[in-house]
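Summary of structural features
Residues per chain, in single letters:
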Amino acid sequence: MPALCEDFSVYDANKPVGWAAVGKTTGSQDKNPVTVTTFNELKNALNSKESQRTIYISGEITMEQRLYVKNGNLTIYGLPGSKLVNPKNTKAEYNKSGVLYFQDAKNVIFRNVVFSCGGAFDIGGYDCLCLESCDNFWIDHCEFYDGMDGNVDIVEGTDHVTFTWCKFGYKLPPISTGKEEAADHRFTNLIGNNDGMTSDNGHLRVTFSNCWWSEGCVERMPRVRFGQVHVANCLYSSTVTNYCFGVGYMSKIYAEGNAFVSDAAKNNIWKFPNTKSQEAHHFKLVNSAGAADIDIAQGSESHFDPSKAYSDVVVYGAELVEATVTKYAGATLTKEQLTTRGNTTATDDVKETTTAWGKEYYTIDGKILTTPQRGINILKSADGITIKVAK
């Protein structure tokens, strides 16, 4: 895990931007917080009947199987040092692989969460994270490693998704299935899973900003069908890259200000993953470090121009990307950054936070309270961190 940063990057908006902001992603608004330390606690929290739920992941949680989630209005924070781990990597256990699968869920935020699976082994196994028919997701400062099928899939009409300051990688060697096409399935980010799913056109709108495809990533950084995908100020450093961008059927990709630093990445910027991809596609790469501009198109639809959809993604010079992204991308946020800067925690039942927070309440001017008062209260943790609590 990267070293914890004392502050955000000057380029970090610390809020949803890009497509997630267009979709007005708000998560739980930090209401109804609970801290989870076990698989069952996580399962119960994700499937809570609360209309809004804030989940703090504490410590390493080993997943008994992939969890299916249909709830929305969630914010999931990974406290420093926490991790969601599913080490299963055999044919006998493939149907229990993966970490989280969201279906028909809306308005979800992930911050500072580490996902770790058992290694690339494409036998019908699962990803670290999959979003199916979902809407309005902001995924910030998260890490994804060693997904069996891939790290993150975004499929079946999912829309308004933004990844900011995330890191993708493979630390484990691939496991061969004995099939030549699947001998090394370290394929990280899939957007759109079927050339025939024409209903995906107009959806699968995804932003990647200040993300890092690190060592071990082989393909799909990302691989796109149908979607309007914006990739800005991202870093490509894997020495085993077969291709960075998979320019799939009806894909509309606009990539700007990215840095390709490994020879493998520089020499394998993009590829048509199959022959169908060549029938209709749009891919534009501009202002990169380590790559010349690219502008290819086939089909009647015009290029996707993100500036016509939003203006809140700050794009800086590609020469700054490597130093900036290697320092700040991934689960680098401190507990203070997660709980104080720009965040107001609101809850009607603060008892659920007692595993992480104390029970002493204060007024804004510092007077101690025996019970929470109506309005804003200050709640202090054992290590001195404070949050605002609305009663």
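Tracing the backbone shows Asp305 in the loop between strand S27 (294-298) and helix H4 (321-328). Separated by 77 residues in the primary sequence, Asp305 and Gln228 have C-alpha atoms spaced 8.8 Å apart. Looking at Asp305, its side chain comes within polar contact range of the side chain of Ser307, at 2.7 Å.

Scanning all chains against the criterion turns up five salt bridges. The salt bridge partner of Asp159 is Arg205, with a shortest N-O separation of 2.6 Å. Of the two residues, Asp159 sits in strand S14 (residues 159-164) while Arg205 sits in the loop between strand S16 (189-191) and strand S17 (206-209), which places them 46 residues apart along the sequence. Accessibility expressed as a relative area gives 4% for Asp159, which makes it buried.

Our focus in this paragraph is the sheet that holds strand S9 (residues 114-117). With parallel pairing, eight strands are arranged side by side in an open sheet as S3-S6-S9-S12-S15-S18-S21-S24. At either margin of the open sheet sits one strand with a lone partner, and together these are strand S3 (60-62) and strand S24 (259-260). Both S9 and strand S12 (residues 143-145) contribute to a ladder of three bridges, which runs parallel. Opposite Phe115, over in S12, you have Phe144 as the bridge partner.

Another aspect to go through is the sheet that holds strand S11 (residues 135-140). Within a sheet, neighbouring strands are paired by backbone hydrogen bonds and run either parallel or antiparallel to one another. Strand order in the open sheet formed by 11 strands is S1-S2-S5-S8-S11-S14-S17-S20-S23-S26-S27, and the pairing between neighbours is mixed. On the outer flanks of this sheet lie strand S1 (33-36) and S27, each paired with one strand and no other. With direction set aside, neighbouring strand axes in the sheet form an average angle of 10°. For S11 and S14, the ladder comprises five bridges, and the chain directions are parallel. Its bridge partner lying in S14, Phe137 is registered against Val161. Lying on the sheet, helix H2 (residues 39-46) is in contact with S1, strand S2 (53-57) and strand S5 (74-78); it crosses S1 at an angle near 155°.

A separate point is H2. All buried positions along H2 are accounted for by Phe39, Leu42, Ala45 and Leu46. Around the axis of H2, the buried residues are gathered within 135° of arc, so they sit on the same side.

On to H4. Those residues of H4 that sit buried are Val321, Thr324, Val325 and Tyr328. The buried residues of H4 occupy one face: seen down the axis, they fall within an arc of 90°. Next to the buried residues of H4 lie strand S18 (212-213), strand S21 (235-236) and S24. Just beyond H4, the residue with positive phi is Gly330, at close to 100°.

Let's shift gears to the side chain of Asp149. For Asp149, the position within the fold is in the loop between S12 and strand S13 (152-155). Here Asp149 is buried and forms no salt bridge, its nearest opposite-charge partner Arg220 lying at an N-O distance of 5.4 Å.

This part takes up the packing of aromatic side chains. Across all of its chains, the model carries 24 aromatic pairs by this definition. Measuring from ring centre to ring centre gives 5.4 Å for Phe144 and Phe168, while their planes differ by 15°; the resulting arrangement is stacked. A residue pair is termed long-range when its members are at least 10 positions apart, and Phe144 in strand S12 and Phe168 in strand S15 (residues 167-169) qualify at 24 residues. Comparing Phe144 with Phe168, the two get one shared label, buried. Seen from the ring of Tyr145, Lys171 lies directly overhead, with NZ or CZ sitting 4.2 Å from the centre.

This part is about the nonpolar core. Counting residues in hydrophobic clusters, the biggest one holds 70 residues, and the most contacted among them are Leu100, Phe102, Phe110, Phe163, Phe208 and Phe245. The element contributing the most residues to this core is H2, with four residues. Residue contacts for Phe102: discarding those within four places in its chain leaves Val69, Asn71, Leu74, Val108, Phe110, Leu129, Cys130, Leu131, Glu132, Cys134 and Phe137. Counting eight residues, the second largest nonpolar core, distinct from the first, contains Trp19, Ala232, Val286 and Val313.

For the protein, the mean per-residue pLDDT works out to 88, and 84% of the residues sit at or above 70. Counting contacts from residues 381-391, a segment whose pLDDT is below 50, to residues more than four positions away or on other chains yields 46 contacts.

Parameters at a glance
Residues numbered from 1 in each chain as written. Predicted model: local features only at pLDDT ≥ 70, side-chain atom pairs only at ≥ 80, totals over all residues. Heavy atoms only, no water. Helix = DSSP H or I, 4+ residues; strand = E, 2+ residues; numbered from the N terminus. Polar contact = N/O pair within 3.5 Å; in protein donor to acceptor, adjacent residues only side chain to side chain. Salt bridge = Lys/Arg side-chain N within 4 Å of Asp/Glu carboxyl O. Buried < 20%, exposed > 50% of the residue type's maximum accessible area, 1.4 Å probe, protein only. Pairing = 2+ DSSP bridges. Axes fitted to C-alpha atoms, helices over the stretch in contact; angles between N-to-C directions. Contact = heavy atoms within 4.5 Å. Arc of directions from axis to C-beta. Lys, Arg positive; Asp, Glu negative; His and termini not counted. Phe/Tyr/Trp six-rings, centres within 6.5 Å; stacked < 30°, edge-to-face > 60°. Lys NZ or Arg CZ within 6 Å of the ring centre and 35° of its normal. Core = buried A, V, L, I, M, F, W, Y, C linked by side-chain atoms within 4.5 Å. pLDDT = per-residue confidence, 0-100.

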